[in-house]
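Remarks on the overall topology
Listed below are the residues making up each chain.
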Amino acid sequence: MLQCDKRILDCVSSPEDLHALSVPELEILAAEIRRQIIDTTSRNGGHVASSLGAVDIILAVHSVLHAPKDKIVFDVGHQSYAHKLVTGRLDRFDTLRTYGGISGFPRPSESVYDTHPSGHASDSLSVASGLAKAKQLSGTDEKIIAIIGDAALAGGMAFEALNYIGSQQLPMVIILNDNEMSISRNVGALVKHFGNVRAMASYRDVREALQDKLERGGRTSNAFAEFGKRAKEATKQMFIPQSMIYEHLGIVCTPPIDGHDIKGLREMLELVLPMDEPVLIHAVTKKGAGFGPAEEQAERFHGVGPYNPITGEAVSAPGKAAGIGARTYTQVFSDAITREARVDERIVAITAAMEGGTGLKAFRAEFPERFIDVGIAEEQAVAMTSGLAIAGKKPVCAIYSTFMQRALDQMIVDVALPNLDVVFALDRAGLVGDDGPTHHGVFDMAMMRMVPNMKLIVPSDQRRLSDAVHTALRLSGPVGIRYPRGSAETVYVDGSAEPEMLEVGRSITVREGADVAILAFGRMVKAAQDAAGLLAESGITARVVDMVWAKPLDEEAIQRAAETRLVVTAEEGVLEGGAGEGVLEVLSRLGCTTPAITLGIPDRFIMQGKSDLLLADIGLNPQGIVDAVMRVLPQQDV
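Residues numbered from 1 in each chain as written. Predicted model: local features only at pLDDT ≥ 70, side-chain atom pairs only at ≥ 80, totals over all residues. Heavy atoms only, no water.

1. What about the packing of aromatic side chains?
Tallying each qualifying case throughout the model produces eight aromatic pairs. Seen in terms of ring centroids, Phe363 and Phe367 are 5.3 Å apart; in terms of plane orientation they differ by 50°. Their pairing is tilted. An aromatic cluster is present here, built from Phe291, Phe301 and Tyr307 joined pairwise through their rings. In this structure, Arg370 packs its charged tip against the face of Phe367, placed 4.3 Å from the ring centre. (Phe/Tyr/Trp six-rings, centres within 6.5 Å; stacked < 30°, edge-to-face > 60°. Lys NZ or Arg CZ within 6 Å of the ring centre and 35° of its normal.)

Pasting the structure below:
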């Protein structure tokens with residue numbers, strides 16, 4: 001027993017301490033961890049429902065493993081808060097997801113207990129298969145466990161990994177955290193199967209047989225093999241034919257067990273860990289377990305801002321009045337695509353398990369037959385758009401910028417190569433803040449600019465976003481629209497006007513100036529305008545140009561910018577291959593010799609924190625733009 005006069009959690013400094021705890025003490029610890037998660041996320045925001053649902057699994061795993069020698073690989077690491085709390089980060093947990101604090105995801109540079117920086121779904125089995133293969137090759141005895149959700153297991157990458165794991169008989173344990181949810185409600189045949197399994201009573205008979213065997217002391221691999229023979233027929237009777245995929249792949253699959261029963265989880269783990277073959281433990285859990293509001297509203301509590309820790313009601317961030325502020329870009333997109341669909345029945349909206357996050361709930365409510373959610377399968381979503389376009393539909397693929405990275409090949413080969421009429425609505429472009437480097441949408445401009453036939457619109461405010469959706473649906477070939485998370489402030493136009501067609505490759509000059517030209521993309525237009533005001537105080541006049549298009553670029557505006565003393569580009573994307581480099585290429589091709597500087601995301605991963613702090617760090621705020629200009633055009637030279 002762990003000697004402790006305080007909370008058990010306060011006395012846990014490493015996972016080894018869990019080995020000294022009884023099951024009742026682990027259950028008390030689970031309750032303490034849930035309260036700590038709620039207390040911290042109610043102030044900082046975070047991924048509440050998934051982390052609360054995984055507490056018991058994480059404690060059971062750590063109480064039988066010897067990390068960091070034994071490896072735990074999380075799939076979508078926002079379920080890992082309990083893992084952070086028992087691996088020596090309790091004293092820093094109040095900094096979760098904050099600027100300079102600990103990450104909301106596993107991060108190997110943060111702790112030796114974090115195996116993999118998991119942030120995107122369906123990759124855990126592939127990573128774990130590499131660890132298990134290395135174990136096989138080296139003849140070592142560490143244990144490998146991958147924890148994956150039912151929605152992530154339906155992703156194509158997970159199926160590829162399962163195929164390899166089974167064919168190679170890799171010694172590892174897969175824990176299927178079956179909570180019936182991804183972010184939006186799960187979809188797909190495999191998910192329907194899991195629902196059927198949960199609904200069947202026959203699995204209880206199999207589980208009782210296992211319990212009987214355990215109570216009689218059969219805790220060896222031979223005992224498991226014996227049980228497996230007896231349970232095999234019952235299991236086959238329980239599973240619908242599609243579920244036999246695991247057996248056919250060579251992976252032992254247990255009957256569903258209670259994922260909140262620490263005792264049962266430990267017993268199952270102790271039974272299967274000695275095996276030299278792959279085993280899948282099917283653990284049924286409830287998202288938000290232990291916190292009523294999160295249990296009842298699991299989708300809202302997937303990723304949430306500050307909230308009341310008793311009622312779960314949202315609270316305003318410090319310094320902001322609740323309910324006040326401009327509409328978000330996501331809301332503007334939602335209105336725009338729904339409006340366009342009313343006048344064009346060919347429009348079809350596609351998402352990858354992000355119906356709410358991408359603003360498609362209103363579209364689905366009005367046009368359910370034209371709404372498609374493929375689940376966590378971005379490659380499927382993008383490739384499917386090609387078939388829809390070939391058949392004469394107008395598909396709009398709404399997807400987070402960071403997840404679009406997963407479907408680059410499909411975008412190039414299936415959509416851009418045949419030059420199909422597909423619209424990509426890239427939400428959360430730029431620095432998204434608290435979720436950090438796995439979720440920042442900073443690669444999409446460089447990614448799309450390099451693809452032939454692709455056009456890319458970068459709206460700077462809510463009116464331009466409405467115009468962009470209106471325009472993209474009327475152009476030939478693939479068109480991307482990238483816009484950030486948060487408020488769609490009106491920069492220079494009335495956001496209530498009817499949408500207009502944007503002239504392809506044509507920018508808008510929003511402020512004139514003769515000393516410096518700032519060519520800004522997206523929400524950098526507002527920062528550039530503010531910077532121009534500050535520069536004016538030093539006697540420097542700045543022209544501000546809303547470039548509107550990242551591809552094709554407005555070469556006429558770039559050439560005119562070269563008539564000033566300095567050209568500055570500002571973009572919320574990576575500099576390498578970005579729009580700024582495109583501007584430099586145009587200047588070079590036109591023979592312009594005007595000094596030019598590019599401002600954007602530097603060649604490093606940006607950590608978590610509020611976006612305004614991160615932008616200030618890398619010089620993408622108004623003062624950063626001013627500082628960059630003044631280094632070239634000091635006040636005394638004006």
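2. Remarks on helix H16 (residues 378-390)
With 13 residues, H16 should reach 18 Å at 1.5 Å per residue; the first-to-last C-alpha distance of 19 Å fits that figure. What H16 keeps buried is the set Glu378, Ala381, Val382, Thr385, Ser386, Leu388 and Ala389. Buried residues along H16 sit against strand S7 (347-351), strand S8 (371-373), strand S9 (394-400), helix H17 (401-404), helix H18 (408-416) and strand S10 (423-427). (Helix = DSSP H or I, 4+ residues; strand = E, 2+ residues; numbered from the N terminus. Expected span 1.5 Å × (residues − 1). Buried < 20%, exposed > 50% of the residue type's maximum accessible area, 1.4 Å probe, protein only. Contact = heavy atoms within 4.5 Å.)

3. Things to note about the sheet that holds S7
Spatially, S8-S7-S9-S10-S12-S11-S16 is the arrangement adopted by the seven strands of the open sheet, whose pairing is mixed. The sheet is open, and its two edges are formed by S8 and strand S16 (549-551), each paired on a single side. Taking the axes of each pair of neighbouring strands and ignoring which way they run, one obtains an average angle of 20° across the sheet. Looking at chain direction, S10 and strand S12 (residues 479-482) are connected through four bridges and run parallel. Within S12, the position partnered with Phe424 by the bridge is Gly480. (Pairing = 2+ DSSP bridges. Axes fitted to C-alpha atoms, helices over the stretch in contact; angles between N-to-C directions.)

4. Side note on the pairing of strand S6 (residues 279-284)
The element S6 is largely enclosed, with a buried count of five among its six residues. Both strand S3 (residues 173-178) and S6 contribute to a ladder of six bridges, which runs parallel. Note on S6: the bridge partner recorded for Leu176 is His282. Bridge analysis of strand S4 (residues 252-253) against S6 gives two bridges, and the strand direction is parallel.

5. Examining the nonpolar core
Grouped together as the largest cluster of nonpolar side chains are 53 residues, with contacts concentrated most on Leu29, Ile33, Leu59, Ile145, Ile175 and Leu269. Tallying contributions element by element places helix H3 (residues 55-64) first for this core, with seven residues. When residues no more than four places from it in sequence are discounted, the contact partners of Ile175 are Ile57, Val61, Ile145, Ala146, Ile147, Ile148, Leu269, Ile281 and Ala283. Of all hydrophobic cores here, the second largest spans 46 residues; its members include Val382, Met448, Ala550 and Ala561. (Core = buried A, V, L, I, M, F, W, Y, C linked by side-chain atoms within 4.5 Å.)

6. Focus: the side chain of Thr358
With respect to the secondary-structure elements, Thr358 resides in the loop between S7 and helix H15 (361-366). On the basis of relative accessible area, Thr358 is assigned to the buried category, the value being 1%. A polar contact is formed between the side chain of Thr358 and the backbone oxygen of Met354, at a distance of 2.6 Å. Filtering out sequence-adjacent residues up to four positions away, Thr358 remains in contact with Thr330, Phe333, Thr351, Ala398, Ile399, Tyr400 and Asp427. (Polar contact = N/O pair within 3.5 Å; in protein donor to acceptor, adjacent residues only side chain to side chain.)

7. Observations concerning the pattern of salt bridges
For the structure on display, the rule yields 34 salt bridges. Between Asp39 and Arg35 there is a salt bridge, with its nearest N and O atoms 3.4 Å apart. With Asp39 and Arg35 both in helix H1 (residues 23-44), this residue pair falls four residues apart, about one helical turn. Under the relative-accessibility criterion, Asp39 is labelled partly exposed at 28%. A salt bridge links Arg482 to Asp444; the nearest nitrogen and oxygen atoms lie 2.6 Å apart. One end of the pair, Arg482, is in strand S12; the other, Asp444, is in helix H19 (residues 444-449), with 38 residues separating them in the sequence. Assessed through its relative accessible area of 5%, Arg482 is described here as buried. Each of Lys84, Arg89, Glu110 and Asp114 takes part in one network of salt bridges that share partners. (Salt bridge = Lys/Arg side-chain N within 4 Å of Asp/Glu carboxyl O.)

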